[in-house]
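So you can see what is in the structure, the chains are spelled out below.
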Amino acid sequence: EPEVTQTPSHQVTQMGQEVILRCVPISNHLYFYWYRQILGQKVEFLVSFYNNEISEKSEIFDDQFSVERPDGSNFTLKIRSTKLEDSAMYFCASSERPPGTGGDYGYTFGSGTRLTVV
Amino acid sequence: AQKVTQAQTEISVVEKEDVTLDCVYETRDTTYYLFWYKQPPSGELVFLIRRNSFDEQNEISGRYSWNFQKSTSSFNFTITASQVVDSAVYFCALSEDWRGGGADGLTFGKGTHLIIQP
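S.K.: I'd like a rundown of the overall build of chain B, residues and numbers included.
M.R.: Within chain B, the secondary structure is distributed over 0 helices and 12 strands. Helices and strands appear in chain B in the N-to-C order β-β-β-β-β-β-β-β-β-β-β-β. Since a compact globule built from 118 residues should have a radius of gyration of about 13 Å, the 14 Å found for chain B is in line with a globular shape. Across its three principal directions, the C-alpha atoms of chain B cover 50 × 30 × 25 Å. Taken over 118 residues, chain B has a buried fraction of 49%. Carbon and sulfur atoms make up 49% of the accessible area of chain B, which totals about 5,700 Å². Averaging the positions of the 10 positive and the 15 negative side-chain charges in chain B gives two centres separated by 3 Å.

Set out below in structure tokens:
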């Protein structure tokens, strides 16, 4: 079964450093997403991306965050200057169509990258 | 604004008992989509079901069943004859109808931690 692949599975970084989290979505999917889950809390939507631009973003997704699809396969989340409160599990997801459309489609999450800011 | 409430933060039952996880949602849209995800201790998010707002039929998949009631804005999940492997955090999520050009993310509840004791 096709998978969304995220690397690395765990990253430790020092406060103030830049990090890039990487995702390889399912190949025929067109919509890409990042979510965040602070330890023990709910999963929160960060951003969606379609047709090489941001489609929607939440209030969490401020100027320190950016996303990019640098080539035909990768989808990255960059945090420019990490803070302690950025420590969380970051999930990438992809879908053939947006979640609010009819019919069957895939909406698949990756296994996540656990980011620890020290 | 949309909201998902999972009032049960933790449920503990003995193996083979039936257990129901509650999910109540709020949305202004008449067309929307509801999801359940399982998050085992390993951390990944496993898709269980997606249901659109026009389909109120209950669904059964093996030991899992879902009861969708628009009148009470609920989408409850029942595990019959629970097993230790069912132990996980279960999240209910909502997506509103897709509007052209947008790709909204899912709104998650806070999750219910289900513990199945042998």
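Past the structure itself, the notes keep going.
S.K.: Tell me about the nonpolar core, and name the residues and values.
M.R.: L21, W36, F77, Y90 and L114 of chain B are the most contacted members of the largest nonpolar core, which totals 23 residues. Going through the elements one at a time, β2 (10–14), β3 (19–21), β5 (32–39), β8 (64–69), β9 (74–79), β10 (88–96) and β12 (112–117) of chain B are the ones with two or more residues in this core. Looking at this core, the element that brings in the most residues is β10 of chain B, giving 4 residues. Excluding residues that lie within four positions of it along the chain, Y90 of chain B makes contacts with Q6, L21, W36, Y37, K38, L48, Y64, F77, I79, G111, T112 and L114 of chain B. Counting 22 residues, the second-largest nonpolar core is a separate cluster that includes I60, F65, L77 and L115 of chain A.

S.K.: Explain the state of the cysteines residue by residue, including any values.
M.R.: All names here are of chain B. This model, assessed by the stated rule, comprises 2 disulfides over all chains. Residue C23 pairs covalently with C92 via a disulfide, S to S 1.9 Å. Disulfide C23-C92: torsion about the S-S bond near -65°, hence left-handed. Of this pair, C23 sits in the loop between β3 and β4 (24–26) while C92 sits in strand β10, and the two are 69 residues apart along the sequence. The burial state of C23 is the same as that of C92; both residues are buried.

S.K.: Which residues make up the environment of A93 of chain B, and what values do they have?
M.R.: Residue and element names in this part refer to chain B. Within the secondary structure, A93 is located in strand β10. Along the sequence, A93 and N52 sit 41 residues apart, while their C-alpha atoms lie 12 Å from each other. Contacts of A93, omitting those with residues within four sequence positions, involve V4, Y33, L34, F35, L106, T107 and F108.

S.K.: Describe the layout of surface pockets, and please don't skip the residues or the numbers.
M.R.: Residue and element names in this part refer to chain B. There is about 430 Å³ of room inside the second largest pocket. Mapped by element, the contributors of at least two residues to the lining of the second largest pocket are β10 and β12. Top element by residues in the lining of the second largest pocket is β12. It accounts for 4 residues. Each residue belonging to the lining of the second largest pocket can be placed in one class, and the counts come to 9 nonpolar, 12 polar and 3 charged.

S.K.: Now, about unusual backbone geometry: what can you tell me, with residues and values included?
M.R.: The omega angle of the peptide bond from T7 of chain A to P8 of chain A is -10°, so this bond is cis rather than trans. Within the secondary structure, P8 of chain A sits in the loop between β1 (5–7) and β2 (10–13). Phi angles above zero are rare outside glycine, and A81 of chain B is one such case at about 50°. Examined against the element boundaries, A81 of chain B turns out to sit in the loop between β9 and β10. By relative accessible area, A81 of chain B is classed as partly exposed at 33%.

Criteria and thresholds
- Residues numbered from 1 in each chain as written.
- Chains lettered and ligands numbered in written order.
- Predicted model: local features only at pLDDT ≥ 70, side-chain atom pairs only at ≥ 80, totals over all residues.
- Heavy atoms only, no water.
- Helix = DSSP H or I, 4+ residues; strand = E, 2+ residues; numbered from the N terminus.
- Rg over C-alpha atoms; globule rule 2.2 N^0.38 Å.
- Buried < 20%, exposed > 50% of the residue type's maximum accessible area, 1.4 Å probe, protein only.
- Areas by Shrake-Rupley, 256 points an atom, 1.4 Å probe, with all protein chains shown as cover.
- Lys, Arg positive; Asp, Glu negative; His and termini not counted.
- Charge placed at Lys NZ, Arg CZ, Asp CG, Glu CD.
- Core = buried A, V, L, I, M, F, W, Y, C linked by side-chain atoms within 4.5 Å.
- Contact = heavy atoms within 4.5 Å.
- Disulfide = S-S within 2.5 Å.
- 1 Å grid on protein atoms, 1.4 Å probe; cavity = no way out; pocket = protein on both sides within 12 Å on 5 of 7 lines; lining within 4 Å.
- Points joined across faces, edges and corners; volume = space filled by probe spheres on them.
- Nonpolar A, V, L, I, M, F, W, Y, C, P; charged D, E, K, R; others polar.

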